[in-house]
Amino acid sequence: MRTSKLVWAAAGSAAVLLLGAVGLAATHRSGSGGPAPAALASAGPSAAPPASAAPAPSPGADITGPLDLLVIGVDTRVSIADWQPHADAIMLLHVNADLKSGYLFSLPRDLRVDVPAFAPNGYDGGRRKLTEAMSAGAVVRGTDKADVAQGYKLLARTISDYTGIKEFDAGAILTFRGLSKLTDALGGVTLKIDQKVVSQHRRPDGTERTLRSGGGGYVGPQATYLPGTRKLVGWQAIDYARQRYTAGGDYTRQRHQRQLVRALLARAEDAGLPADQTRVRSMLTALGDTLVVSGDRSPAEYAYALRDLDPARLTLVGLPGGSVSSNGRYIGEQLTSTGRGFLKAMAAGRPGPYLKEHPELINK
């Protein structure tokens, strides 16, 4: 049974794959539809629990699979008062019933989709880029403010309509700051860099490059990531995974983002984090004002529920696509029939057999 509770954070991180070691905007389900059972109170002042009494279940132990999770990367541009957030990275994680394995795949940010009407702010709906569904939903009627959690609702609805996945058990919106802080809290992350990537945003020392006077890009030395196995600190990991002006464009960026998520999951597992709720709570506290959470289940409970999710059994899937033009003008992206076929297979609960027929979709 799926609940309708909302768990959201002002800035999240990929520990949501634990799930929700840090997250923003999540709805979830549990086996009972409610909080994890608490230990029974003693019968009276003189009663003592028998020596053989079983310990109370760990919070989150009742969360069951399979799970469909939505992970969104957002550039909020908090320095610009009327900036509406766009979904810059859109990843979907299907966790199998055993909660030990799954599939991680992405949708192009510029995918042409039908965005449904949205009553909370009066949006009429229309055909747009998927990234814009977040900003369309985030508009607070009568103001120049953005409500990211509200934007998530419209984005999730749009993705459900497009993919055929009826509902997401949980979701998270990630921002650069929260993800960088989490990576550093884990002591960095080891990535196998698969191609040369030159940063548009950072200098080699991590400082931000200078915007060119009058616009049109940045100036100054550029951080460069060369092929090989590298250990990256927070700013490097985020910088590497956000670059799309490189060979392969946004499809390459999608692949790098999936690789980063799996690497962070592996790092957290190596550190024994998912099963250690005390450390998870400590990490959440250390994130300070980058995290705001509400709801009847804590992120630590999802961390415990997914403690056995094995990074080596997380299949990364790349969905092929190409550009769409109108009157010679670029208007977005569309998936190939093979890419759309995977989504149909996922919605039908048959991703494994489909990938056996199309092994070229599997990323390393």
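Just so it is clear, the structure is predicted and the values come from calculations on it, not from any experiment.

(A) Inspection of the overall build of the chain at higher detail. On a plain count of helices and strands, the chain comes out with nine helices and 16 strands. Per-residue burial for the chain yields a buried fraction of 50% across its 364 residues. Summarising the internal contacts of the chain: among those between residues at least 6 apart in sequence, 65% fall at separations of at least 24. Entry remark: accessible area of the chain is about 16500 Å², with carbon and sulfur atoms responsible for 52%.

(B) The arrangement of the packing of helix H4 (residues 234–242) against helix H5 (residues 249–270) in detail. The N-to-C vectors of H4 and H5 enclose an angle of 150°; their axes lie 7 Å apart at closest approach. Residues Ala237, Tyr240, Ala241 and Arg242 of H4 lie in contact with H5, whose contacting residues are Arg253, His256, Gln257, Gln259 and Leu260. Along the lines of polarity and charge, the residues of the contact of H4 with H5 split into four nonpolar, three polar and two charged.

(C) Up close: the nonpolar core. Judged by nonpolar contacts, the single largest core of 36 residues is most densely connected at Ile72, Leu107, Ile159 and Phe342. If you list the elements that add at least two residues to this core, you get strand E1 (67–75), strand E2 (86–95), strand E3 (102–106), strand E4 (112–115), helix H1 (131–138), helix H2 (148–163), helix H8 (337–347) and helix H9 (351–357). With five residues, H2 is the single largest residue contributor to this core. Setting aside anything within four residues of it in sequence, one finds Leu107 in contact with Ile90, Leu92, Leu130, Ile159, Tyr162, Thr163, Gln254, Leu319, Leu335 and Leu343.

(D) Seen up close, the side chain of Asn121. Note on placement: Asn121 falls in the loop between E4 and strand E5 (126–129). Overall, the relative accessible area of 10% leaves Asn121 in the buried class. Beyond its immediate chain neighbours, meaning those up to four positions away, Asn121 contacts Ala136, Gly137, Ala138, Val139, Arg141 and Gln150.

(E) Representation of the pairing of E3 in the model. For E3, a buried count of five out of five residues is recorded, marking the element as mostly surrounded by other parts of the structure. The alternating pattern of E3 places Gly102, Leu104 and Ser106 on one face and Tyr103 and Phe105 on the opposite face, and all of these are buried. Across five bridges, the pairing between E2 and E3 is antiparallel. The residue bridging Leu92 from the neighbouring strand is Phe105, located in E3. Pairing analysis gives four bridges linking E3 to strand E13 (residues 314–317), with the strands arranged parallel. Paired with Leu104 across the two strands is Leu316, which belongs to E13.

(F) How the structure looks around the environment of Lys166. Residue position: Lys166 is located in the loop between H2 and strand E6 (170–174). Between the C-alpha atoms of Lys166 and Ala156, which are ten residues apart in sequence, the distance is 9.9 Å.

(G) Looking closely at the side chain of Thr183. Mapped onto the secondary structure, Thr183 falls in helix H3 (residues 176–185). Residue classification places Thr183 among the buried positions, given a relative accessible area of 0%. When near neighbours in sequence (up to four residues on either side) are disregarded, Thr183 contacts Gly188, Val189, Leu232, Val233, Gly234, Ala237 and Leu264.

(H) Examining the packing of aromatic side chains more closely. All told, the structure shown has three aromatic pairs when counted by the stated rule. Pairing Phe105 with Phe342 gives two aromatic rings, centres 5.1 Å apart and planes at 80°, and the pair type is edge-to-face. Of this pair, Phe105 sits in strand E3 while Phe342 sits in helix H8, and the two are 237 residues apart along the sequence. The pair formed by Phe105 and Phe342 is uniform in burial state, with each residue classed as buried.

(I) Molecular detail of H2. Here H2 spans 22 Å end to end across 16 residues, near enough to the 22 Å set by a 1.5 Å rise per residue. Where H2 is concerned, the buried positions are Ala149, Gln150, Gly151, Tyr152, Leu154, Leu155, Ala156, Thr158, Ile159, Ser160 and Thr163. A positive backbone phi angle near 85° is found at Gly164, which sits one or two residues after H2.

(J) Just the confidence of the model for the chain, in detail. Of the residues in the chain, 75% have a pLDDT of 70 or more, and the chain-wide mean is 78. At the level of individual helices and strands, the chain shows its lowest average pLDDT in helix H6 (residues 277–286), which scores 66, and its highest in E4, which scores 98. This stretch, residues 289–296, has a pLDDT under 50; its non-local contacts, to residues over four places away or in other chains, come to 26 contacts.

(K) Region of interest: H4. Of all the nine residues making up H4, eight are buried; the element is thus mostly covered by neighbouring parts of the structure. Packed against the buried residues of H4 are H3, strand E7 (189–193), strand E8 (197–198), strand E11 (224–225), strand E12 (228–232) and H5.

(L) View of unusual backbone geometry. That bond from Gly65 to Pro66 is cis: its omega, 0°, falls within 30 degrees of zero. Position of Pro66 relative to the elements: it lies in the segment before E1. Of note in this structure, Leu99 is not a glycine but carries a positive phi near 60°. Secondary-structure assignment places Leu99 in the loop between E2 and E3. Its relative accessible area of 10% is what places Leu99 among the buried residues.

About the cut-offs
- Residues numbered from 1 in each chain as written.
- Predicted model: local features only at pLDDT ≥ 70, side-chain atom pairs only at ≥ 80, totals over all residues.
- Heavy atoms only, no water.
- Helix = DSSP H or I, 4+ residues; strand = E, 2+ residues; numbered from the N terminus.
- Buried < 20%, exposed > 50% of the residue type's maximum accessible area, 1.4 Å probe, protein only.
- Contact = heavy atoms within 4.5 Å.
- Areas by Shrake-Rupley, 256 points an atom, 1.4 Å probe, with all protein chains shown as cover.
- Axes fitted to C-alpha atoms, helices over the stretch in contact; angles between N-to-C directions.
- Nonpolar A, V, L, I, M, F, W, Y, C, P; charged D, E, K, R; others polar.
- Core = buried A, V, L, I, M, F, W, Y, C linked by side-chain atoms within 4.5 Å.
- Pairing = 2+ DSSP bridges.
- Phe/Tyr/Trp six-rings, centres within 6.5 Å; stacked < 30°, edge-to-face > 60°.
- Expected span 1.5 Å × (residues − 1).
- pLDDT = per-residue confidence, 0-100.

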